[in-house]
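Descriptive analysis of the structure
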Amino acid sequence: MAILDDLADTLAREALELAEQLDDDRLIDEMARAIGESSPTTQEAFMTAVRIRRALGRGRAVMDRKRSTHALPPPEQGDSA
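The rules behind these values
- Residues numbered from 1 in each chain as written.
- Predicted model: local features only at pLDDT ≥ 70, side-chain atom pairs only at ≥ 80, totals over all residues.
- Heavy atoms only, no water.
- Core = buried A, V, L, I, M, F, W, Y, C linked by side-chain atoms within 4.5 Å.
- Buried < 20%, exposed > 50% of the residue type's maximum accessible area, 1.4 Å probe, protein only.
- Helix = DSSP H or I, 4+ residues; strand = E, 2+ residues; numbered from the N terminus.
- Contact = heavy atoms within 4.5 Å.
- Polar contact = N/O pair within 3.5 Å; in protein donor to acceptor, adjacent residues only side chain to side chain.

**Some details on the nonpolar core**
- Among the nonpolar cores identified, the biggest contains 16 residues, and Ala-12, Ala-15, Ile-28, Met-31, Phe-46, Met-47 and Val-50 are the most heavily contacted of them.
- Of all the elements in the fold, those that place two or more residues in this core are helix H1 (2-22), helix H2 (27-38) and helix H3 (40-69).
- Examining the composition of this core, we find that 6 residues originate from one element, H1, more than from any other.
- Leave out the neighbours within four places in its chain, and Ala-12 touches Phe-46, Ala-49 and Val-50.

**Digging into the side chain of Arg-67**
- Within the element layout of this structure, Arg-67 appears in helix H3.
- Residue classification places Arg-67 among the buried residues on the basis of a relative accessible area of 18%.
- Looking at Arg-67, its side chain comes within polar contact range of the main-chain oxygen of Pro-73, at 3.4 Å.
- In this structure Arg-67 touches Leu-72, Pro-73, Pro-74 and Pro-75, once residues within four positions along its chain are discounted.

Here it is in C-alpha cells:
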C-alpha cells in the first residue's frame, strides 16, 4: 500500500529528526506503541521506515568517512548513482 508507506516514512523522518533535537532515544518506541494501539499494520510500516532511515544514515556515515580519509569531495547535487 503505497500511501501507507509514504505516510509512515514522512512520520518516521519527522520523528527521527525530533528525537535527535530532543536527544530522546525513547521517542520512536513511544510513538510506535501509540500507533500500534490503533493499527499494528501502520506501526510496522512506521518501524520499517525508521529502520531503513537509520540504516541509510549509518551507510552514509561510512561513505563520508571513506571520502574524507581519501580527501575526496562530496558528490555533486543531482548525482543519483
